[in-house]
Amino acid sequence: GDLRSVLITSVLNLERLELDLFRGRHHWVPATQRLFGGQIVGQALVAAARAVSRDEQIHSLHCYFVRAGDPKVPVLYEVERTRTGKSFSVRSVKAIQHGKPIFTCQASFQLSQGSPMQHQFTMPAVPPPEELLTQEELIQKFLQNPNLAERYRKHLNKIQAEDVPIDIKPVNPPDVFCSEPQEPKQLFWVRARGYIGETDMKVHCCVAAYISDYAFLGTALLPHRQYRVKFMVSLDHSMWFHAPFRADHWMLYECESPWAGGCRGLVQGRLWRRDGVLAVTCAQEGVIRVEQMPNQSKL
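Residues numbered from 1 in each chain as written. Predicted model: local features only at pLDDT ≥ 70, side-chain atom pairs only at ≥ 80, totals over all residues. Heavy atoms only, no water.

Under an unreviewed UniProt entry, the protein has the name Acyl-coenzyme A thioesterase 8 and belongs to Podargus strigoides. UniProt annotates the protein under Subunit (unreviewed entry) with the comment "Homodimer." The record in UniProt for the protein states the following under Sequence similarities (unreviewed entry): "Belongs to the C/M/P thioester hydrolase family." (UniProt positions renumbered as here; feature names shortened; annotations may be inferred.)

Structure (structure tokens):
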């Protein structure tokens, strides 16, 4: 009875125009009216994955966002087969709009190899997703409070209206009534909406690439809640894939920001399977420009 995930049927379903040339369309566009970075990363990875053999699996990708994406026109993805080796293959992808690159990506694929050298961090101890409210339920709860400031109400209504194809359950949601600084850490249970099923692992990696960018950079804002964001956009995004997973099953997204400065913020993330296996590691830097809140102004 599960509906097929829109991430598979639409968002990450690229149209092949030539052997290594693809066209992607848009599903969800944020309120900023810039293309969602996770969509571009996910679609670029789909294009790269179509240029390798079925046995090769993605192990890392490194991307740069070089221009703002235009939500009014499709994106073209041009793949270059940089190297095909015995164990590793590299594919370079350029995303193009209006004749100019808006994004570049290098993805590396590997044939499966065993090794006795293995270790990982320990997954944080958190309540299971069944015990937590969804992001929609939390927003509804906040909106029912008559003391909620109007600007927060507008912001929450805007989030509520967004058609994001991801299920999210925050473990430690920030208090919307408080502007006190918080530790730059967030924990979410996340999964793709709908059913993906057992399929080529590269499909789940492309979906995880889409999911990984949602609310990620916002982690760097938590110690600076006395400011209003004027401008926030991703500069680069990297991912490393460690173990098989299902992107339509709940995974814990552990996000933290070790540093911010110079109008930039750095965030790191880990996607954990429910059984405690570290599946994916992510990192991103973005531009963050802020201004003093009106009620905090000293003028």
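**Q** Is there a simple way to think about the nonpolar core in this case?
**A** Side chains of a nonpolar character, in soluble globular proteins, are inclined to be buried together. Counting 65 residues, the largest nonpolar core has Leu45, Leu61, Tyr77, Phe103, Val207, Phe241 and Phe245 as its most contacted members. Val171, Leu187, Trp189 and Trp250 belong to the second largest nonpolar core, which has nine residues in total. (Core = buried A, V, L, I, M, F, W, Y, C linked by side-chain atoms within 4.5 Å. Buried < 20%, exposed > 50% of the residue type's maximum accessible area, 1.4 Å probe, protein only.)

**Q** Explanation requested: the sheet that holds strand S10 (residues 251-261) in the structure shown.
**A** Two modes of strand pairing occur in sheets, parallel and antiparallel, and in both the strands are linked by backbone hydrogen bonds. Across the sheet, which stays open at both edges, the 12 strands sit in the order S1-S2-S4-S5-S6-S3-S9-S12-S11-S10-S8-S7 with antiparallel pairing between neighbours. Two strands lie at the open edges of the sheet, namely strand S1 (15-18) and strand S7 (166-170), each paired on one side alone. Adjacent strand axes in the sheet meet at a mean angle of 25°, parallel and antiparallel pairs treated alike. Pairing geometry for strand S5 (residues 88-97) and strand S6 (residues 100-111), over 10 bridges, is antiparallel. Looking across to S6, one finds that alanine 95 is bridged to phenylalanine 103. (Pairing = 2+ DSSP bridges. Helix = DSSP H or I, 4+ residues; strand = E, 2+ residues; numbered from the N terminus. Axes fitted to C-alpha atoms, helices over the stretch in contact; angles between N-to-C directions.)

**Q** Please clarify how the pairing of strand S8 (residues 185-192) should be interpreted in this entry.
**A** When a strand is regular, its side chains alternate between the sheet's two faces. Burial analysis of S8 places six of its eight residues in the buried class, the great majority of the element. Of the pairings in the sheet, the one linking S7 to S8 comprises five bridges and is antiparallel in character. Bridge pairing in S8 places isoleucine 168 opposite valine 190. For S8 and S10, the ladder comprises six bridges, and the chain directions are antiparallel. Note that in S10 the partner of phenylalanine 188 across the bridge is tyrosine 253.

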